[in-house]
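Examining the three-dimensional arrangement
One-letter residues, chain by chain:
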Amino acid sequence: MTRKIMSIRSCALLAVVLIFSGSLSADMVEIEASRDNTLYENAQGSLSNGSGDYLFVGRTSSNGVRRAVIAFDDLSGIPAGSTIDSVRLHLELSREQSASTMLSVKRLVSDWGEGTSNAAGAEGGGATATQGDATWIHTFFDTQNWISPGGDFMQVTSAELSVDAIGSYTIESTATMVGDVQDWLDDPSTNFGWILTASESGTTAKRFNSRENPSTASRPRLEVNYTPPSEEEPDNNWSGLWYDPTLDGEGYQIFDTPAGWIV
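Predicted, not measured: the structure shown is a model, and the values here were computed from it. (Residues numbered from 1 in each chain as written. Predicted model: local features only at pLDDT ≥ 70, side-chain atom pairs only at ≥ 80, totals over all residues. Heavy atoms only, no water.)

Concerning the confidence of the model for the protein
The share of residues in the protein with pLDDT of 70 or more is 78%, and the mean pLDDT across the chain is 87. Predicted confidence is poor over residues 1-24, with pLDDT under 50, and the contacts of this stretch with residues over four places away or in other chains come to 20 contacts. (pLDDT = per-residue confidence, 0-100. Contact = heavy atoms within 4.5 Å.)

Take a look at the structure:
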């Protein structure tokens with residue numbers, strides 16, 4: 001009798017372990033930016049940096065505002081129907097000549113482009129916009145415009161982070177960022193990415209590496225943790241050769257359920 005009770009208790013404990021281990025099925029994928037650009041404040045909308053090595057945010061010493069736009073269009077590494085659990089945005093700040101400033105991430109609501117413009121030198125002044133470039137005025141130079149100069153974006157902030165010295169920065173997950181990526185996964189037609197802004201009062205300009213930067217490890221990347229959709233319940237449960245129904249309380253019978261394996 002004692003042996004039989006111990007066997008039943010062991011089975012119950014193993015069942016609990018398998019249920020919990022089956023439910024921990026979250027996965028992670030890192031996604032590179034598919035396009036990025038800088039909007040240089042300019043009344044004519046003639047400046048851009050679609051193929052440059054850098055992105056700019058904030059206000060320069062010459063009173064010009066800079067805003068960066070970035071998108072992660074390729075979410076194919078995340079199965080359709082998945083639940084987004086957390087999102088982290090990794091950026092590399094490569095130049096700064098200002099005090100600490102708050103970097104804000106906001107969701108864009110209009111599509112935009114990345115042309116072949118490539119600014120010279122440190123790239124802070126931008127380059128002449130080319131066809132399809134996003135500029136301060138244009139979503140796609142020079143045929144389509146933003147509704148509001150400087151970009152069309154949600155007023156609610158998806159995330160923010162104080163940035164100061166040169167180095168690597170990670171914008172940690174927020175419920176709003178998670179919601180943004182979930183929406184993009186469920187409806188790719190709404191995926192226009194984010195706009196990055198900094199304080200636009202005083203000198204606050206910061207430079208980040210773009211997706212074209214020669215240092216591949218320092219390019220923007222999006223880290224997404226997700227839970228894949230549950231698999232359909234199998235038609236039949238099963239048990240192995242170790243199961244002997246003639247021996248009461250002996251052996252194991254295994255059932256594959258959506259919650260995990262139950263023994």
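And the narrative resumes.
Regarding helix 2 (residues 175-186)
A rise of 1.5 Å per residue sets the reference length of helix 2, with its twelve residues, at 16 Å; its end C-alpha atoms lie 16 Å apart and thus fit the reference within 8%. Taken residue by residue, helix 2 has Met177, Val178, Asp180, Val181, Gln182, Trp184 and Leu185 as its buried positions. Packed against the buried residues of helix 2 are strand 6 (83-96), strand 7 (101-107), strand 11 (159-163), strand 12 (167-171), strand 13 (194-197) and strand 15 (221-227). (Helix = DSSP H or I, 4+ residues; strand = E, 2+ residues; numbered from the N terminus. Expected span 1.5 Å × (residues − 1). Buried < 20%, exposed > 50% of the residue type's maximum accessible area, 1.4 Å probe, protein only.)

Describing the side chain of Arg35
Its place among the elements puts Arg35 in strand 2 (residues 35-40). A distance of 2.9 Å separates polar atoms of two side chains, one belonging to Arg35 and the other to Asp73. Once residues within four sequence positions are removed from consideration, Arg35 is found in contact with Val69, Ile70, Ala71, Asp73, Asp111, Trp112, Glu114, Asn191, Phe192 and Arg211. (Polar contact = N/O pair within 3.5 Å; in protein donor to acceptor, adjacent residues only side chain to side chain.)

Thoughts on the nonpolar core
Ile84, Leu89, Trp194, Leu196 and Leu222 are the most contacted members of the largest nonpolar core, which totals 33 residues. Setting aside its immediate chain neighbours within four residues, Leu89 contacts Phe72, Tyr169, Thr170, Ile171, Met177, Trp194, Leu196, Arg221 and Leu222. Counting twelve residues, the second largest nonpolar core, distinct from the first, contains Leu108, Trp112, Trp136 and Ile195. (Core = buried A, V, L, I, M, F, W, Y, C linked by side-chain atoms within 4.5 Å.)

So, the environment of Ser210
Position of Ser210 among the secondary structure elements: in the loop between strand 14 (206-209) and strand 15. In this structure, the C-alpha to C-alpha distance between Ser210 and Glu92, residues 118 residues apart in sequence, is 8.6 Å. In contact with Ser210, not counting residues within four places along its chain, are Asp36, Gly52, Asp53, Tyr54, Leu55, Arg219 and Pro220.

Quick word on the packing of aromatic side chains
Within the structure shown, the criterion is met by three aromatic pairs. An aromatic cluster of three or more residues is present, and its members are Phe72, Trp184 and Trp194. Arg35 extends its terminal NZ or CZ atom over the ring of Trp112, reaching a point 4.6 Å from the ring centre. Over the face of the ring belonging to Tyr54 we find Arg207, whose NZ or CZ atom lies 3.5 Å from the ring centre. (Phe/Tyr/Trp six-rings, centres within 6.5 Å; stacked < 30°, edge-to-face > 60°. Lys NZ or Arg CZ within 6 Å of the ring centre and 35° of its normal.)

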